[in-house]
Structures are given as structure tokens and as C-alpha cells.
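In case you want the letters, here they are:
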Amino acid sequence: MNLPGFGAAQQAALHAAHVLVIGAGGLGCPIMQTLAATGVGKISLIDDDTVDLTNIHRQILFGAEDVGRKKTEVAAERLKALQPDIEVTIIDGRMTTDNSVELLDGIDVLIDGSDTFSTKFLAADAAEITGTPLVWGSVLRYRGDVALWWSGPGAPEDGVGLRDLYPDQPDADSVPDCATAGVLGVTTSVVGGLMATEVIKFLTGIGQSEVGKLMMYDALGAHISEFRVTRDPERALTTSLRASYGEVCAVPDGAPELLAQLEAGEVIPLDVREPHEKAIADLPVPGPLLPTSDLEIQPRLAADFLDSVDNGSRVLVYCASGIRSQWFVDTFEPLAKARGIELVNFPGGVNGI
């Protein structure tokens, strides 16, 4: 209340606001913690995951004692501990083409803390269809992006949507995910803090809440770059959802059959993850470790491994999500074929089973 420009009216605006947060992950946790502590009155949260030990370093609403519990339930408990009178609605599920538009009914700001292209583009389209302001963010390794998008009914005439920056949804495997590339835990808190700040500015009217300003945070350089995204006059506004956003199945096609072959001894497993990943989780029949980081420096290691495998064998190559293992198959398939060996990628990786 002592802040210049922030008084009873601004606090009341926060208390009356209703935001929807997609994902109780590395971004969603610090965002919700900040908004609850600041005084936002209603938070709806949608997530279908449970707390895993590997989440703890960046998902700051959770502790080791919460492993195995629903993220939505734990998050609601923590938020109410911060602000006992807060209204928290938990939705145990995912945003889909069937529920996305309906979920935005009565929402003042949509906050996208998801980690897949399918959800991000679905959320952006639903926001544009309903004219809901969208605070968007993403993180990977030591950097993150933040923006406020607002387009569609009720938005300013020059309002900007995500598709003005990215007209088309990229393929799911076009960039590595956090399971493959990693993320510095504190980076998610910084980016989540920037996103929460954008939400607070928009809801209260303080400061400069600029639609279409893209902020790119670099943790190692300790700086933020800014870019201005403008409305594409040639792009028609989204008025209906697309038939599909490439949602992935919980168990990728082919994975059960390959696991059965692995357990029957019909394929030879090869792990191309890093040593710390193998220590956390593995396939039912673990394979020898040949880290991708080593292969990029010493490709000869792949030839040495293939020389140790019998002619006519099938090698099941796996990683965390299937991206690095597919790279191995694509890169070393000629070597394998020359030795009469078939390389098979394990779809979805260890994280998909």
C-alpha cells in the first residue's frame, strides 16, 4: 500500500481477479506462489501430473514428502497456506480441444506454464477465440521467454497473438525438451516471477503492460533482451480450434511391443542418455551407456559398440524422450547396416513409460 500508484483500488482489483494457470510445473509453481501472496483472489489450476523427485529442484511449491501426490492437490494446500481466503479451483486433467474454450469462461488472464507446443498453441488459439489476455512463458537450460498476448474479441485493434510471432506450430521434436536439455531451477523462478509481474501489472493497471513485447532472459549473461512483435495484417484471427494440436499419447505407438521384445531378449538395449539420467530411471532391462555428449565428440565410439554386437542383431536405442535416440539411429544407421545390424528407436523414451 506504500507503493506509488498502488493503493486500495489496485489491491481490490487483484482480490476480484480470476486467473487460470496451465501447469503446476517449473513456471506454474512460482507464478502461483507469487500471485497468491500478492492477493489474487481466485486461481484455477489445470494439471494431470503427480509430484516426482526430479521436479523438486524447480517446482518450488513441492517437497520430497509430496512425491506421488497430485500436483493440483499439493499446490492448492500451499496456496491456501499463503492466503487462507483464496479461492482455488483444481482441475485434474489437461487442456484439450474439448474443454479449452469453456475453461476460459470468466477468466481475466490465462497464464500458460505448459511445456509442450501442442498445449501452448491450443491455449493461444483458445485465448484469441475468447479474447482472453494470455501471459505466456517458456524456459530451457539457462534462458526463458515471456510475453503478454491479447487478441480477438475485446482486445485492442492492434492486439497481438502468439501466431503473429509463430504462425505455425513446430514439430514436437524440433527442439529438445527439459528432460533432454535440462533447465536451471532458478531460471524457472526468475521467468515465473517476470510472468507474475506481467499479470499483476495487467490486472491493476500499474506500470507499462505492453501487448506483444517479448522478453528473452539469459541467466548466464544476467540480461533481458526485448523485441516488439506487431500484428500481422495478413493473418486472419483464429475463430475456431483446429482439429488436432498433435497431442501426444501417454504411451507412444510401438512402445509396448518393443518393451515386450526387450524383456524377451529379442532386442539389445543401448542407452544414449547421460550418466546422471541413468541413475534416476531406466528401462526394465537396462542397456549399456553410451552418452550422446561423448558420441558428439568421439563418433568412433558408436562403431566400437556396433563391432561388439553380433551380425543380424536388432539394437533398441533409447534416451529420455526419443529425440537423442532418433539422432543416433539417423546418424549411425549406415554403419549399422554395413555390419548387418538393425537400429530401432524407442519412441517416447524412458519418460514415456
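No experiment lies behind these values; they were computed from the predicted model shown.

Colleague: Go over the domain arrangement of the chain with me, naming the residues and quoting the values.
Modeller: By the assigned domains, the chain splits into domain 1 (8–228) and domain 2 (255–352). Distance between the C-alpha centres of domain 1 and domain 2: 36 Å.

Colleague: Summarise the packing of aromatic side chains; cite the residues concerned and give the values.
Modeller: Here the distance between the centres and the angle between the planes together describe a pair of aromatic rings. The tally for this structure, following the rule as stated, stands at 4 aromatic pairs. A ring pair is formed by Phe 328 and Phe 332, whose centres lie 4.8 Å apart and whose planes are at 50°; its orientation type is tilted. With a gap of 4 residues between them, Phe 328 and Phe 332 both fall in helix H13 (residues 323–338), about one helical turn apart. On the basis of relative accessible area, Phe 328 is assigned to the buried category, the value being 0%. The structure contains a cluster of three or more aromatic residues connected by ring pairs, namely Trp 327, Phe 328 and Phe 332.

Colleague: Which residues make up the pattern of salt bridges, and what are the values?
Modeller: Under the defined criterion, the tally for this structure stands at 27 salt bridges. A salt bridge links Arg 69 to Glu 77, with the nearest nitrogen and oxygen atoms 2.6 Å apart. Classification of Arg 69 as partly exposed rests on a relative accessible area of 28%. Relative accessible area serves as the criterion here: at 40%, Glu 77 is assigned to the partly exposed category. Residues Lys 278 and Asp 271 are paired through a salt bridge, measuring 3.0 Å at the closest nitrogen-oxygen approach. Residue Asp 271 is classed as buried on the basis of its relative accessible area of 0%. Residues joined in a network through salt bridges with shared partners are Glu 65, Asp 66, Arg 69, Glu 77 and Arg 78.

Colleague: Please set out the sheet that holds strand E3 (residues 87–92) residue by residue, giving values where relevant.
Modeller: Read from one edge of the open sheet, 8 strands run E3-E2-E1-E4-E5-E6-E7-E8, paired in mixed fashion. In this open sheet, the two edge strands, each paired with only one partner strand, are E3 and strand E8 (223–228). In this sheet, adjacent strand axes meet at a mean angle of 15° when their direction is disregarded. Inspection of the sheet shows strand E4 (residues 109–112) paired to strand E5 (residues 134–140) by 3 bridges, in the parallel sense. Looking at the pairing, Asp 112 lines up with Trp 136 of E5. Across the face of the sheet, helix H2 (residues 28–38) comes into contact with strand E1 (18–22), strand E2 (42–47) and E4 while running at roughly 165° to E2. Each of E1, E4, E5, strand E6 (143–149), strand E7 (213–218) and E8 is contacted by helix H8 (residues 185–204), which is oriented at about 170° to E5, the strand it contacts most.

Colleague: Outline the UniProt feature "domain: Rhodanese" (unreviewed entry) in the chain, listing residues and values.
Modeller: Taking the UniProt record as the reference, the feature "domain: Rhodanese" (unreviewed entry) is found at residues 263–326. Secondary structure content for residues 263–326 is 39% helix and 14% strand, and the end C-alpha separation is 21 Å.

Colleague: Explain H8 to me, using residue names and the numbers behind them.
Modeller: Taking 1.5 Å of rise per residue, 20 residues should cover 28 Å, and H8 covers 29 Å from first to last C-alpha, within 8% of that figure. Of the residues trailing H8, Gly 205 is marked for its positive phi of about 80°.

Colleague: So what's going on with a nonpolar patch on the surface? Residues and values would help.
Modeller: There is a patch of nonpolar side chains on the surface, built from Tyr 142, Leu 184, Val 186 and Leu 220 and spanning about 390 Å² of accessible area. Structurally, Leu 220 can be placed in the loop between E7 and E8.

Colleague: Describe in detail the nonpolar core, supporting the description with residues and values.
Modeller: Of all hydrophobic cores here, the largest spans 40 residues; its most connected members are Val 19, Met 32, Leu 35, Ile 43 and Ile 111. The element that contributes the greatest number of residues to this core is H8, accounting for 6 residues. Among all residues touching Leu 35, those that are not within four sequence positions of it are Val 19, Val 40, Ile 43, Ile 111, Ala 196, Val 199 and Ile 200. Counting residues in each nonpolar core, the second largest holds 23 residues, with Phe 121, Ala 127, Ala 147 and Val 229 among its members.

Colleague: Provide a residue-level description of the packing of helix H12 (residues 300–307) against H13, including the pertinent values.
Modeller: Where H12 meets H13, the axes come as close as 10 Å, and the angle between the chain directions of the two elements is 55°. On the basis of the axis angle, H12 is oblique to H13. For the crossing formed where H12 meets H13, the hand is right-handed. Within the contact between the two elements, H12 uses Ala 302, Ala 303 and Leu 306 and H13 uses Phe 328, Phe 332, Leu 335 and Ala 336. Of the residues assigned to the contact of H12 with H13, the class counts are 7 nonpolar, no polar and no charged.

Colleague: Before we move on, could you go through the sheet that holds strand E9 (residues 268–271) and cite the residues and values that matter?
Modeller: Spatially, the 3 strands line up as an open sheet ordered E9-E10-E11, and their pairing is parallel. This sheet does not close on itself; its edge strands, each paired only once, are E9 and strand E11 (342–345). On average, each strand axis in the sheet is tilted by 30° relative to the strand beside it, whichever way the strands run. The sheet contact formed by E9 and strand E10 (residues 314–318) spans 4 bridges and is parallel. What sits directly across from Asp 271, in E10, is Tyr 318. The sheet strands contacting helix H9 (residues 255–263) are E9, E10 and E11, and the helix crosses E10 at an angle near 120°.

Scoring rules and cut-offs
- Residues numbered from 1 in each chain as written.
- Predicted model: local features only at pLDDT ≥ 70, side-chain atom pairs only at ≥ 80, totals over all residues.
- Heavy atoms only, no water.
- Domains from an automatic or database assignment.
- Phe/Tyr/Trp six-rings, centres within 6.5 Å; stacked < 30°, edge-to-face > 60°.
- Helix = DSSP H or I, 4+ residues; strand = E, 2+ residues; numbered from the N terminus.
- Buried < 20%, exposed > 50% of the residue type's maximum accessible area, 1.4 Å probe, protein only.
- Salt bridge = Lys/Arg side-chain N within 4 Å of Asp/Glu carboxyl O.
- Pairing = 2+ DSSP bridges.
- Axes fitted to C-alpha atoms, helices over the stretch in contact; angles between N-to-C directions.
- Contact = heavy atoms within 4.5 Å.
- UniProt positions renumbered as here; feature names shortened; annotations may be inferred.
- Expected span 1.5 Å × (residues − 1).
- Patch = residues over 30% accessible without salt bridge, like charges linked within 9 Å, V, L, I, M, F, W, Y side chains within 5 Å.
- Areas by Shrake-Rupley, 256 points an atom, 1.4 Å probe, with all protein chains shown as cover.
- Core = buried A, V, L, I, M, F, W, Y, C linked by side-chain atoms within 4.5 Å.
- Parallel < 35°, antiparallel > 145°, perpendicular 65-115°, else oblique.
- Left-handed = near helix turned anticlockwise from the far one by under 90°.
- Nonpolar A, V, L, I, M, F, W, Y, C, P; charged D, E, K, R; others polar.

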